[in-house]
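# Report on the structure
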Amino acid sequence: MCTAYSENTALAYVPPDNVTNTYEDILETQFYVENEDLLIPFLDYFEENWVGKIIGRRKIRRQPRHQIDIWNCHYSVKNGLPTINNAVEEWHRGFASIIGGSHPTIWKFIDGIKKVQNLEELKREQ
């Protein structure tokens, strides 16, 4: 199952327009053909959520629960943009230290927002 997960995860780096065709190519590899019975629950889940499940005899894929353009990071990687939210997590840790914890009262939260605003204004002026 680890191989199936790795190959499907790699689809995040394929250009969005090629994801479905690449997924179908992956399904034809020896690993998937030999382990089809074992992989059916995983593939059903994957298709339903990430690439769209085939419906009807015409073999048309319906829209996945999560649109490909939202989860695909091909263009982010290609353009050197971050693909993770470390900057957001870093800001959150800094803000938590300003307000003195992760579950502040509303008043501490408001004071924290004011402090952050003052800091940002100082940075802009400098």
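Note: the structure precedes this text.
Let us look at the structure shown here. In this text, all values refer to a predicted model and were calculated from it rather than measured experimentally.

What counts as what
- Residues numbered from 1 in each chain as written.
- Predicted model: local features only at pLDDT ≥ 70, side-chain atom pairs only at ≥ 80, totals over all residues.
- Heavy atoms only, no water.
- Helix = DSSP H or I, 4+ residues; strand = E, 2+ residues; numbered from the N terminus.
- Rg over C-alpha atoms; globule rule 2.2 N^0.38 Å.
- Buried < 20%, exposed > 50% of the residue type's maximum accessible area, 1.4 Å probe, protein only.
- Areas by Shrake-Rupley, 256 points an atom, 1.4 Å probe, with all protein chains shown as cover.
- Salt bridge = Lys/Arg side-chain N within 4 Å of Asp/Glu carboxyl O.

As a further point, take the overall build of the chain. Regarding its fold elements, the chain presents eight helices and two strands. In sequence order, the secondary structure elements of the chain are arranged as α-α-α-α-β-β-α-α-α-α. Taken over C-alpha atoms, the radius of gyration comes to 22 Å for the chain, far larger than the 14 Å a tight globule of 126 residues would show. Dimensions along the principal axes, computed over C-alpha positions, put the chain at roughly 60 × 30 × 30 Å. Counting every position in the chain, which comprises 126 residues, the buried fraction comes to 25%. Just so you have it, the chain exposes about 9,700 Å², and 55% of that area is on carbon and sulfur atoms.

A full pass over the atoms with the stated rule returns four salt bridges. A salt bridge links Lys53 to Asp44; the shortest N-O distance between them is 2.8 Å. Arg61 is paired through a salt bridge with Glu47; the nearest N and O atoms lie 3.8 Å apart. Remark: Glu47 occurs in helix 4 (residues 36-51) and Arg61 occurs in strand 2 (residues 60-61); sequence separation between them is 14 residues. The exposure class assigned to Glu47 is buried, which follows from its relative accessible area of 11%. One network of salt bridges, in which partners are shared, links Glu24, Glu47 and Arg61.

The analysis is restricted to geometry; functional conclusions fall outside its scope.
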